[in-house]
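Observations on the model geometry
Residue-level listing of the chains:
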Amino acid sequence: MKMSAKYLYGAAVVTALLQTGVLFAGIEKRAQILRYGQDIVVQTSRVDPRDLMRGDYVILGYDFSEFAQSAVKDATDDYSGDVYVAVKKGDDGLWHMSRASIKPFDDLSADEVQIKGETVYPIWLQSGGNVRLRFGVERYYVPEGEGLAIEGELSENNITAILAVSKEGIAQIKALQNKGAKMYQEPLY
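The text that follows walks through the structure, step by step, so that each part is easy to find. (Residues numbered from 1 in each chain as written. Predicted model: local features only at pLDDT ≥ 70, side-chain atom pairs only at ≥ 80, totals over all residues. Heavy atoms only, no water.)

1. Considering the layout of surface pockets
So the rule is basically this: Note on definitions: the grid is 1 Å and covers protein atoms alone; a cavity is a set of points where a 1.4 Å probe fits but cannot get out; a pocket is an open set with protein on both sides within 12 Å along at least five of seven lines; lining residues have an atom within 4 Å of a point. Grid points are joined across faces, edges and corners, and a volume is the space filled by probe spheres set on the points. Here the nonpolar group is Ala, Val, Leu, Ile, Met, Phe, Trp, Tyr, Cys and Pro; Asp, Glu, Lys and Arg are the charged ones; every other residue, Gly included, is treated as polar.
Its volume calculated, the largest pocket comes out at about 190 Å³. Lining the largest pocket are Tyr36, Gly37, Gln38, Leu108, Glu112, Val113, Gln114, Val165, Ser166, Lys167, Glu168 and Gly169. When its residues are assigned to classes, the lining of the largest pocket shows 4 nonpolar, 5 polar and 3 charged.

Rendered as structure tokens:
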């Protein structure tokens, strides 16, 4: 009987360590991007400020979140999936789209960074419309009661986001700025 109690205790310890390791790996992956990713500053646009069930947050849009479908290299009708957007720093100090493709870029210039997005709706080239992309950096939680104030600043185009982007194109919001001054800094952990 003592042998089985030791076995159960050992199995419980191993299980707890594995669960802790998986949790830590997910957190560390995000922290690695924030720590070592390429920082880019992008203009945001207003979408939606609140969720009564989850608290205050802002939904952020970016100028490279929606653009002409014809700008996506190698896109086919009814394409749905990953789209890579190359961004370049402009004269205004903000990063803007330079090109887009359904395949990762292997020819990025030294002043370009690629961000991996996903189509919200399938691409219909014949419609001549726009493609809308999600990058996983559209939602940012803020302290309670501050969402509406930020919404006003978003309407005035005063809010920019600092995104940390990994070499694989995965982006994380590092900070929000109001007229260039940091409002919120995202902690590593």
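2. Focus on the sheet that holds strand β3 (residues 66-68)
Using the following cut-off: Pairing between two strands requires that DSSP report at least two bridges joining them. Starting at the N terminus, helices and strands are each numbered in turn, a helix being any DSSP run of H or I of at least four residues and a strand any DSSP run of E of at least two.
The strand order β3-β8-β7-β5-β6-β4 describes an open sheet built from 6 strands, whose pairing is mixed. The open sheet has two edge strands, β3 and β4 (72-73), and neither has a second partner.

3. Some points on a nonpolar patch on the surface
How we decide: Exposure above 30% relative accessible area and the lack of any salt bridge qualify a residue for a patch; like charges then connect within 9 Å, and the nonpolar side chains Val, Leu, Ile, Met, Phe, Trp and Tyr within 5 Å. Computed by Shrake-Rupley with a 1.4 Å probe, the accessible areas treat only the displayed protein chains as cover when residues are assessed. Salt bridge criterion: a side-chain nitrogen from Lys or Arg within 4 Å of a carboxyl oxygen from Asp or Glu. Only protein chains enter the accessibility calculation, which uses a 1.4 Å probe; a residue whose area is less than 20% of its type maximum is buried, one above 50% is exposed, and one in between is partly exposed.
A cluster of nonpolar residues, Leu23, Phe24, Ile27, Leu188 and Tyr189, forms a patch on the protein surface that exposes about 510 Å² of accessible area. Structurally, Leu23 is set in helix α1 (residues 2-36). By relative accessible area, which is 57% here, Leu23 ends up exposed.

4. Some points on the pairing of strand β11 (residues 171-178)
Counting buried residues in β11 gives 7 out of 8 residues, a clear majority hidden from the surface. Inspection of the sheet shows strand β10 (residues 159-165) paired to β11 by 7 bridges, in the antiparallel sense. When the bridges of β11 are listed, Thr160 appears paired with Gln177. If you look at the hairpin formed by β10 and β11, you'll find 5 residues sitting between the two strands, and Gly169 has a positive phi there, around 95°. As paired strands, β11 and strand β12 (residues 181-185) are joined by 4 bridges and run antiparallel to one another. Counted as the bridge partner of Asn178 is Ala181 from β12.

5. Considering the nonpolar core
The test is simple: Nonpolar core, defined: a set of buried Ala, Val, Leu, Ile, Met, Phe, Trp, Tyr and Cys residues in which side-chain atoms within 4.5 Å join the residues together. Whether two residues are in contact is decided by their heavy atoms, any of which lying within 4.5 Å being enough.
Ranked by internal contacts, the top residues of the largest apolar core, which has 35 residues, are Ile40, Tyr62, Phe64, Val72, Val85 and Leu163. Considering every element that reaches this core, the biggest residue donor is β10, with 4 residues. Excluding residues within four positions of it along the chain, Ile40 makes contact with Val87, Trp95, Val113, Ile115, Ala161, Ile162, Leu163 and Val165.

6. Details of the pattern of salt bridges
One pass over the structure, following the stated rule, counts 7 salt bridges. In this structure, the salt-bridge partner of Asp82 is Lys116, at a minimum N-O distance of 3.6 Å. With a gap of 34 residues between them, Asp82 in strand β5 (residues 82-89) and Lys116 in strand β7 (residues 112-119) connect regions that are remote in the sequence. Residue classification places Asp82 among the partly exposed residues on the basis of a relative accessible area of 29%. Residue Arg99 pairs with Asp107 through a salt bridge whose shortest N-O separation is 3.1 Å. The class of Asp107 is partly exposed, set by a relative accessible area of 46%. One salt-bridge network, held together by shared partners, links Arg99, Asp107 and Glu112.

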